[in-house]
Amino acid sequence: MLLTRRRRMPPPPATIALNSVSMHLKPTNSNSTPVGILFAVLLTLACLSQVQAAIDESISEHEGKSVVIPCPVNKDKCGNLHSINWFKGDDRIAAMLLGDSNVTSVSDEFANRVRVEQSPYRLVIKDLKISDEDIYLCDTTFLIPIETCDNFNGYRVELNVLVPPSEVVILDEKGAHIENGSIIGPMQERQTLKVTCEVRKTRPQPQVGWWRGNKRLMTHSASYLETDGLFTASLELTIELSRDDLAHDIECRVESAALPHKVTNKFRVDLQVRPTRISINGVEHHTVQGSKVVLTCDIHGARPAVNLTWYNSTNIISPEENELTEIRTKAFEKGDGTYNTQSELIFNATRFENDMVFRCDAENVVLQINREKPFTSSLTLEVLYPPVVKVSPPEITVNTSDTVLLNCEYVANPASLTQVVWYRNGDLVNVNDTERYEGGNSENVALVLRSTDKEDVGNYTCQLSNAIGKGISEQQIDLDVQFVPIVEVLMIPEGPVKESDESNVTLYCNILDANPAVLTKVRWYANASLLKELPDCEETKEDLCHIDPSKLLLESIGRGFFYNYSCEGYNAAGWGPRSEDKELMVHYEPGPATLTHFPLIAVKKKSVTFSCSVDDPGYPETNRFRWLRGGRGPLQDVVTKDWTVEPVGLDSRTNYSCYAFNEGGKGVMATINLEVHAPPFFIKNLVPYTGMLHTSRTANLTCRIECVPRCEITWLKGTDPIEKNDTRYFIKEKYVDASPATGDFESMLSVLHFNMSNWPNQKFDIESDSANYTCVSTGNTVGPGIKSSTYFSIEYAPENSTVSEEVVYVQEGTISGRVICNAKANPSAHYNWIFNNTKLGQDQALIINTPMTRNHTGIYTCVASNKHGKSMAETFIDVQFKPRCEIERHEIDDQDTLICTAFGNPVESDFSWSIKAENDSAEWLGNGERQGFKDKSFYVLDVGYAIARTYRCIANNTVGPGTFCEIEVAASSPLYVWWQEQLAWWQRWDKTTLIILVASILALLLAVIIICCIIICICRRRRRQDKLQDKSSSLADPLTEPGEYENLPFHGLQTAPNKPLSGLEFDDELIYADLDSQHYGPINYKAASVYALVKKDKKTGALNEVKN
């Protein structure tokens, strides 16, 4: 029975390459067996190349469910089925043997979950697990192969296990859950929103995206974390909120093969936005006084709704303050969640609103949070109104025949007048009487009375009209021709008067306006109370009867005369009005002063405030004080009640005095002494860095600290206190008195001395003795302790100077590389580069930015120096350049010789000789002879030459070739040329040339002999191999004679086979590793194997087959 089966390939596609094999199959007899046919079929199958395994079907199923994996079998194409093997990856998990036995086997791992079914053939897996995901192979074997069968590679099914997500959650920036369908916020536009969508415990990897409506939002790629075969996907969304997010859900959409449909989680942002626009309208052109005005302010696009404020110019309009004004505001929510706010301002127009700018300001929480200006819109209102009239003056008293002007002023919109009318006592004034009146029309509203008389006395009013209406003055002008005196009080001296002077003052009742202008009586008043009426002609007061009543004398003025004085005058018209009060000011000094200060103890560099007060302020009441310091003064720039001295210093330790003063004089002085303390403060602190030469014999550190009360000083090295028993140091201290010259208070002076006699080697160690030293003080009652540190550095001169390159090679015309100089020094060394006593630079690196010339070759010195000394290092710069040459002619060893000398760097050069022809072409003569010189080449001239020649020489070193140098050589004499021609050819050569020629001939003969020997050996060896080949092909004699193989040089390397594995199972056409047509090694392996199958008869020499 013949079986054929599907070849199982590895689950991933793979390509198998087989080398083609050349076969020679010749049947030995007509009785071919089935084994030979099977062998031929197997070899044929092995020749197939590049077989590709592919997935035939993909199946996906959820975890925990059952899945059926099919195995299609086409019996019509492939015949009857022998067996089926099921593979998961590379592992066989089930097998079925068909036929009478019909046996099914399942691996122990899948025994409880896997079964194999027939009709149709399939593999059933129940309780599906994630680990079951793999590529399954159904490998079928058929009883008899049929050429139409195409099931060579088996049937492959890719099984994918699906696990729906355990949950889909949205997390905010802090990791808190955002419920599905919830609203977050409030948030403002332009604020950044960061949320993360997590899809947890699912398989396969889900597709996650963020959406706003139908628009997908731009994000980075999702990240996936796999745990126990389940994936957790995270996708972060970072957006700047804008109006596009109003009334829109932000969705996380998840798609996966494990889900029957998309899963969506969403939320909405309670977004607050700015208004988009504002407008105000209501009055297009103008309105008329008394009309109702409605101004409407519209604000769009805000969320939340705006707060709205109305302004009239810069004043806020409030209905509570004006009952005639009304504001109506309402807000409408639109579809996108924003609000349209409308506000109406309602009022009756008056003339006061004309040309006023009405403004509407709107703002909400977004503008407030971002500190932005409110949205604003404005409108300028024009109100038309009739004239508003005012006449002046209200009263006029004139003499007869005087000209009187009656003013009439107005405001109106429009300003042009249509009518002007004047009334006296309610009767129309005939302004057309030009002899008596002037003006009173639309061009000149004022009315002029040319000459007054008794008929003009009365009350005058003015009425004006424009296109809107008319207006009449509410006031009137009272015109009178004769009137009582108008007086004022004059005071000599004018005042004020000092009480201490005890001076006299004369009061005058002066006529300002009167008809007649003579005062016959005067009443004097003090603080509006009648003081005296003059003249006083009572019998007992005869001296007051015949005096001028307009004068009043006040004697020895004191604070008791401090009144407001006025007077009344009397003339023919009667008593006039009382004059305005005239104050007689009497100045007197303040009382004694009281002086205090805070704080009670002053602190240096802080402030102290002195306060001066008085119980009696004097008159005028004083708020001015004078201050004295240390008995000197008063200070001109301080006149206040309180005086702050800042900063307090040493000169503040003195007495302070103050007194109050005014125009009446100064009060009694008060004096107090001030005590001043000082907190710890460095008068002399340690500098941050203190350098000390390591060989110094003396060293000390000094600090001086000002402190009142006294403080103490200690020293630290690093963080450790310097003890008094440390013999390497000793400390001197002194309490220094205050210094008025510098302003320093009492201070502690401490000096730390280094006792060098007790230091190792009586000097500092440059490596270990550098340290931080600190001067520390204790605190006192007015301040904490302080400290100052210095880094005490041990310094030394530069040493161990080195350069990065001791020799630098550079070609002429190029720029040299930099050379770095280093030296050990403290403080750090300064570097100078010197060449030929010229300073090149002051940098640590030698940098030459100009092309080098040969004159730059030499020693460059680096000088490292600091304040303690210097150290030097050298580098040599070798500037290499192309050689120039010179030719000289000399006779050397009786030979006419040209010598070419090269002058270059490097010195060693190669040379080339040539002859210059007439057409400037050159005939190369060779390199000449060096004769042990690096910079010279010798060229021996030919003996016989009939013409003059120009010989050229060019030198070449590692930099490059130089320029030609030439020499003119004259022609030889005919006699010398003839003598040279008579010599044999070998006589013309020198001894060295003859020796070289003979040695070359001998070497050539020796090489020919060696080559001949090698050819003979090779021919003999080939002849022997040909004989061996003839013996192996005829099989008449053994290939080797007894003992011959053992004597060969290959003996012992490896024993060759001398017989086949079995003479009965293989014929003589068997293919060997050494191939049939070639002979390798000391023997022919195939011939030896064949020879082993026969045996030579010693008598007859015939070969007989060996029988086993």
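Described below are features of the structure shown in this document. The shown structure was predicted, so the numbers you read here are calculated from the model rather than taken from an experiment.

### What about the overall build of the protein?
Assigned secondary structure in the protein consists of seven helices and 81 strands. Across the 1108 residues of the protein, 37% fall into the buried class. Within the structure as shown, the protein displays about 65,900 Å² of accessible surface, and the carbon and sulfur contribution to it stands at 50%.

### Brief notes about the side chain of N662
Within the fold, N662 resides in strand β55 (residues 655-662). Looking at N662, its side chain comes within polar contact range of the main-chain oxygen of P620, at 3.0 Å. Side-chain polar atoms of N662 contact the backbone nitrogen of G664, separated by 2.8 Å. Excluding residues that lie within four positions of it along the chain, N662 makes contacts with Y588, E589, P590, P617, G618, Y619, P620, T622 and R624.

### Side note on the packing of aromatic side chains
Using the criterion set out here, one finds 24 aromatic pairs in the structure. Geometrically, the ring pair formed by Y563 and Y565 is edge-to-face, given 6.2 Å between the ring centres and 90° between the ring planes. Note on Y563: relative accessible area 34%, which makes it partly exposed. The interplanar angle of 55° and the centroid separation of 5.5 Å between the aromatic rings of W627 and W643 together place this pair among those described as tilted. With W627 in strand β53 (residues 625-629) and W643 in strand β54 (residues 642-645), the pair connects residues that are 16 residues apart, well separated along the chain. Each member of the pair, W627 as well as W643, is classed as buried. Ring-pair connections join several aromatic residues into one group, and the members of that group are Y729, F754, W759, F764, Y773 and F792. Lying across the ring of Y588, R559 places its NZ or CZ 4.0 Å from the centre. If you follow R728 out to its NZ or CZ, it ends over the ring of W759, 5.1 Å from the centre.

### Brief notes about the pairing of strand β28 (residues 356-363)
In this structure, strand β24 (residues 307-312) lies alongside β28, joined through six bridges in antiparallel fashion. Across the sheet, Y311 pairs through a bridge with R359, a residue of β28. One ladder, built from seven bridges, connects β28 with strand β29 (residues 375-381); its direction is antiparallel. Pairing of A362 across the sheet is with F375, part of β29.

### Brief notes about the pattern of salt bridges
All told, the structure shown has 40 salt bridges when counted by the stated rule. With its nearest N and O atoms 3.1 Å apart, the salt bridge here joins E189 to R274. Of the two residues, E189 sits in the loop between β13 (182-188) and β14 (192-202) while R274 sits in the loop between β20 (263-272) and β21 (277-281), which places them 85 residues apart along the sequence. Like R274, E189 is buried.

### Some points on the nonpolar core
Grouped together as the largest cluster of nonpolar side chains are 29 residues, with contacts concentrated most on I69, I84, W86, L123, I125 and L159. For this core, the secondary structure elements donating two or more residues are β3 (67-70), β4 (81-88), β5 (91-97), β7 (114-117), β8 (122-125), β9 (134-142) and β10 (155-162). It is β10 that contributes the most residues to this core, four residues altogether. Contact partners of I125, with chain neighbours within four places excluded, come to K65, S66, V67, I69, R113, V114, D132, Y136 and L159. The next biggest cluster of nonpolar side chains, apart from the first, holds 26 residues, and it includes V168, F267, L271 and V273.

### Quick look at a nonpolar patch on the surface
Taken together, the side chains of L997, V998, I1001, L1002 and L1005 define a hydrophobic patch exposed on the protein surface, amounting to about 450 Å² of accessible area. Assignment of secondary structure puts L997 in helix α5 (residues 991-1034). Given the relative accessible area of 33%, L997 is considered partly exposed.

### Topic: the side chain of R253
Topologically, R253 is positioned in strand β19 (residues 249-255). The buried category is assigned to R253, whose relative accessible area is 16%. Polar contacts involving the side chain of R253 include one to the side chain of E251, which spans 2.9 Å. Excluding residues that lie within four positions of it along the chain, R253 makes contacts with Q207, V208, G209, W211, G213, K262, V263 and T264.

### Points about the sheet that holds strand β25 (residues 315-316)
The strand order across the open sheet formed by four strands is β25-β24-β28-β29, and the pairing between neighbours is antiparallel. Of all strands in the sheet, those bounded by a partner on one side alone are β25 and β29.

### Some points on the state of the cysteines
Overall, the coordinates contain twelve disulfides when judged by the stated rule. The residue that forms a disulfide with C78 is C149, at a sulfur-sulfur distance of 2.1 Å. Residues C78 and C149 share a disulfide whose torsion about the S-S bond is about 85°; that sign makes it right-handed. Of this pair, C78 sits in helix α2 (residues 75-78) while C149 sits in the loop between β9 and β10, and the two are 71 residues apart along the sequence. C149 gets classed as partly exposed once you look at its relative accessible area, which sits at 26%. The residue that forms a disulfide with C821 is C862, at a sulfur-sulfur distance of 2.0 Å. Residues C821 and C862 share a disulfide whose torsion about the S-S bond is about -90°; that sign makes it left-handed.

### Describing the pairing of strand β58 (residues 676-684)
Regular strands place side chains that alternate from one sheet face to the opposite one. In this sheet, β58 lies alongside strand β51 (residues 602-603) in parallel orientation, the contact comprising two bridges. Across the sheet, residue A602 finds its bridge partner in β58, namely V676. Two elements, β58 and strand β60 (residues 700-708), share four bridges in a ladder whose sense is antiparallel. Each bridged residue has a counterpart across the sheet, and for F681 the counterpart in β60 is E706.

### Quick look at the environment of A176
If you trace the backbone, A176 turns up in the loop between β11 (167-171) and β12 (177-178). Measuring from C-alpha to C-alpha, the distance between A176 and V195 comes to 9.7 Å, with 19 residues separating the pair along the chain.

### Looking at the environment of R889
Note that R889 resides in strand β73 (residues 869-892). For R889, a relative accessible area of 37% translates into the label partly exposed. Side-chain polar atoms of R889 contact the side chain of D896, separated by 2.4 Å.

### Regarding the sheet that holds β3
Across the sheet, which stays open at both edges, the three strands sit in the order β3-β8-β7 with antiparallel pairing between neighbours. The strands lining the two open edges of the sheet, one partner per strand, are β3 and β7. Put simply, the sheet's adjacent strands are angled 20° from each other on average, direction ignored. Across four bridges, the pairing between β3 and β8 is antiparallel. Across the sheet, residue I69 finds its bridge partner in β8, namely L123.

### Some words on unusual backbone geometry
Working note: non-glycine residues mostly have negative phi, and peptide bonds are mostly trans. Cis rather than trans, the peptide bond between S119 and P120 has omega equal to 0°. Here the amide bond leading from N826 into P827 is cis, since omega sits at 0°, within 30 degrees of zero. Among the structural elements, P827 can be located in the loop between β68 (819-826) and β69 (830-835). The backbone of S313 sits at a positive phi, close to 60°, despite the residue not being glycine. In this structure, S313 sits in the loop between β24 and β25. Since its relative accessible area comes to 28%, S313 is described here as partly exposed. Unusually for a residue other than glycine, D355 sits at a positive phi of about 60°. Taking relative accessible area as the criterion, D355 reaches 54% and is therefore assigned exposed.

Analysis parameters
Residues numbered from 1 in each chain as written. Predicted model: local features only at pLDDT ≥ 70, side-chain atom pairs only at ≥ 80, totals over all residues. Heavy atoms only, no water. Helix = DSSP H or I, 4+ residues; strand = E, 2+ residues; numbered from the N terminus. Buried < 20%, exposed > 50% of the residue type's maximum accessible area, 1.4 Å probe, protein only. Areas by Shrake-Rupley, 256 points an atom, 1.4 Å probe, with all protein chains shown as cover. Polar contact = N/O pair within 3.5 Å; in protein donor to acceptor, adjacent residues only side chain to side chain. Contact = heavy atoms within 4.5 Å. Phe/Tyr/Trp six-rings, centres within 6.5 Å; stacked < 30°, edge-to-face > 60°. Lys NZ or Arg CZ within 6 Å of the ring centre and 35° of its normal. Pairing = 2+ DSSP bridges. Salt bridge = Lys/Arg side-chain N within 4 Å of Asp/Glu carboxyl O. Core = buried A, V, L, I, M, F, W, Y, C linked by side-chain atoms within 4.5 Å. Patch = residues over 30% accessible without salt bridge, like charges linked within 9 Å, V, L, I, M, F, W, Y side chains within 5 Å. Disulfide = S-S within 2.5 Å. Axes fitted to C-alpha atoms, helices over the stretch in contact; angles between N-to-C directions.

In short, geometric facts, not functional conclusions.
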